[in-house]
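For reference, the chains in residue letters:
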Amino acid sequence: MATPMTPDQWLKALRAEGVMDIVEMSGWRTHNRNHKGPFSDVHATMVHHTAGEGSGLPGLVYNGTGDLPGPLCHDFLARSGRLYLVGSGRANHAGTVARNAYNAVLNESSSHPAPDAAEPIDGNSVSYGLEVENNGAVGRTWPAKQYDIAVRVQAARCRFHGWTADSVWAHKEATRRKPVDPRIDMNQFRRDVAERLKHSASWNPGSTTPAPKPPTPPKETPVATTDDRVKSMHANLMGIGSLTETDGKGQRVQHAAGYYLAHIERDTTALQVQVAALTKQVTELTALVKSLQS
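Thresholds, definitions, all that
As a convention, each chain's residues are numbered from 1 in the sequence order in which they are written. With the structure being a predicted model, the display of local features is reserved for residues of pLDDT at least 70 and the display and counting of side-chain atom pairs for 80 or more, all residues being used for whole-chain, interface and lining totals. Just so you know, side-chain values use all the structure's heavy atoms and leave hydrogens and water out. Points on a 1 Å grid, built from protein atoms alone, make a cavity when a 1.4 Å probe fits but cannot get out and make a pocket when they are open with protein on both sides within 12 Å along at least 5 of 7 lines; residues with an atom within 4 Å of a point are the lining residues. Grid points are joined across faces, edges and corners, and a volume is the space filled by probe spheres set on the points. Numbering of helices and strands runs from the N terminus, with a helix taken as a DSSP run of H or I at least four residues long and a strand as a DSSP run of E at least two residues long. Three classes are used, and their members are as follows: Ala, Val, Leu, Ile, Met, Phe, Trp, Tyr, Cys and Pro are nonpolar, Asp, Glu, Lys and Arg are charged, and the others, Gly among them, are polar. Buried residues are those whose accessible area, probed at 1.4 Å on protein chains only, stays under 20% of the maximum for their type, while exposed residues exceed 50% and partly exposed ones sit between those limits. Only heavy atoms enter the contact rule, under which two residues are in contact if any of them lie within 4.5 Å. Joining through side-chain atoms within 4.5 Å is the link that ties buried Ala, Val, Leu, Ile, Met, Phe, Trp, Tyr and Cys residues into a set, and such a set is a nonpolar core. A side-chain nitrogen of Lys or Arg and a carboxyl oxygen of Asp or Glu constitute a salt bridge if their distance falls within 4 Å. Any two strands with at least two DSSP-identified bridges between them are counted as paired. Every axis corresponds to a line fitted to the C-alpha atoms, with the helix fit spanning only the stretch in contact, and the corresponding angles, defined between N-to-C directions, vary from 0 to 180 degrees.

**Quick look at the layout of surface pockets**
Then, in step 1: Volume-wise, the largest pocket comes out at about 410 Å³.
Then, in step 2: Around the largest pocket, the lining comprises 22 residues; the ones closest to its centre are H49, L68, L72, E131 and K178.
Then, in step 3: Listed by contribution, the elements that provide at least two residues to the lining of the largest pocket are β2 (44–49) and α2 (57–63).
Then, in step 4: The residue makeup of the lining of the largest pocket, split by class, is nine nonpolar, nine polar and four charged.

Right, dumping it as structure tokens:
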């Protein structure tokens, strides 16, 4: 048994999965059809397409129609990649589904057979539903951003419940009434969900996981140039032939200007090495950040 996610759990899971462009539709947290039947033991998460496109779709899936009241899904994904949270609880999205299709997701089978003609299972009571804006026409592809968010949404459901990607199904896989819903390769879609689930929720395609830690800056070597030494150097460079100072053993020693110039060169070289190392690390970090943002 899998207890449905609460609205707060769903928002947290989405954001962890990298879904940030979210619209919370008014009242979505309690918008459901629970009075028509249970939604207390979920086993799957379904992908649909809207079979139409346009700015009025969020309102349509929220309100439904006279024959089919809303919510018509739990989440609506626009072509822009913006995700609308429509409802929480039972939704009118799946209708009745074939038992062999339901058993495949229930048992997380790697094989998703063509649905039987008989449909004794109430799909609305056992499955989440994601509606993706697409008219379903041949050749009408999903924009890359939209597809990526769809994968993240379904991965977020699976990750929370501890499901594999084989708990993801399409409406066309659940019933013969929807033979092309959606018109995408669901086996590839599940492979993409499975790939996400191999990584942490924050993973982005093309990056490593876990993300590499920024390199540790090298420990700086203290440059032994005190105020007194600076004064001594200055005096030597101003023409004084030599200066007397106390060494580390308390002994009074005398140095010519060349001594201080040698130390200046040594300390400057050490600083140049450190600056070069830090510059390299900044370059590497910049490249890493760009790769994570791409």
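**Some points on the environment of E133**
Then, in step 1: In this fold, E133 is placed in the loop between β7 (127–132) and α4 (144–161).
Then, in step 2: On the basis of relative accessible area, E133 is assigned to the buried category, the value being 9%.
Then, in step 3: For the pair E133 and T50, spaced 83 residues apart in sequence, the C-alpha separation works out to 5.3 Å.
Then, in step 4: When near neighbours in sequence (up to four residues on either side) are disregarded, E133 contacts T50, G52, E53, G54, L57, F76, L77, A78, R79 and Q146.

**Re the nonpolar core**
One recurring pattern in soluble globular proteins is that nonpolar side chains are buried together.
Then, in step 1: Formed by 34 residues in total, the largest nonpolar core has its most connected members in W10, L14, L83, L85 and F189.
Then, in step 2: Secondary-structure elements contributing two or more residues to this core are α1 (7–16), β4 (83–85), β7, α4, β8 (168–170) and α6 (186–197).
Then, in step 3: Ranked by the residues each element gives to this core, the list is headed by α4, at seven residues.
Then, in step 4: Among all residues touching L85, those that are not within four sequence positions of it are W10, L11, L14, I22, V23, E24, M25, W28, H74 and D75.

**Topic: the pattern of salt bridges**
Then, in step 1: Per the stated rule, a full pass over the model turns up 13 salt bridges.
Then, in step 2: Here R159 makes a salt bridge to E17, at a shortest N to O gap of 2.8 Å. Pair noted here: R159 is in helix α4 and E17 is in the loop between α1 and β1 (22–24), with a separation of 142 residues, a long-range link.
Then, in step 3: Its relative accessible area of 28% is what places R159 among the partly exposed residues.
Then, in step 4: Salt-bridge contacts for D148 lead to R152; the nearest nitrogen and oxygen are separated by 2.8 Å. Of the two residues, D148 and R152 are both situated in helix α4; the distance of four residues between them amounts to about one turn of the helix.
Then, in step 5: Under the relative-accessibility criterion, R152 is labelled buried at 4%.
Then, in step 6: When salt bridges with common partners are traced through the structure, they connect D8, E24 and R29 into a single cluster.

**Let's talk about the sheet that holds β2**
Then, in step 1: Spatial ordering of the open sheet is given by β1-β4-β3-β7-β2-β8, a layout of six strands whose pairing is mixed. The open sheet is flanked by β1 and β8, the only strands paired with a single partner. In this sheet, adjacent strand axes meet at a mean angle of 25° when their direction is disregarded.
Then, in step 2: Pairing analysis gives six bridges linking β2 to β7, with the strands arranged parallel. Each bridged residue has a counterpart across the sheet, and for H48 the counterpart in β7 is E131.
Then, in step 3: Across the sheet, α1 lies against β1, β3 (75–77) and β4, angled at about 170° from β1, the strand it touches most.
Then, in step 4: Sitting on the sheet, α4 touches β2, β3, β4, β7 and β8, and the angle it makes with β7 is about 170°.

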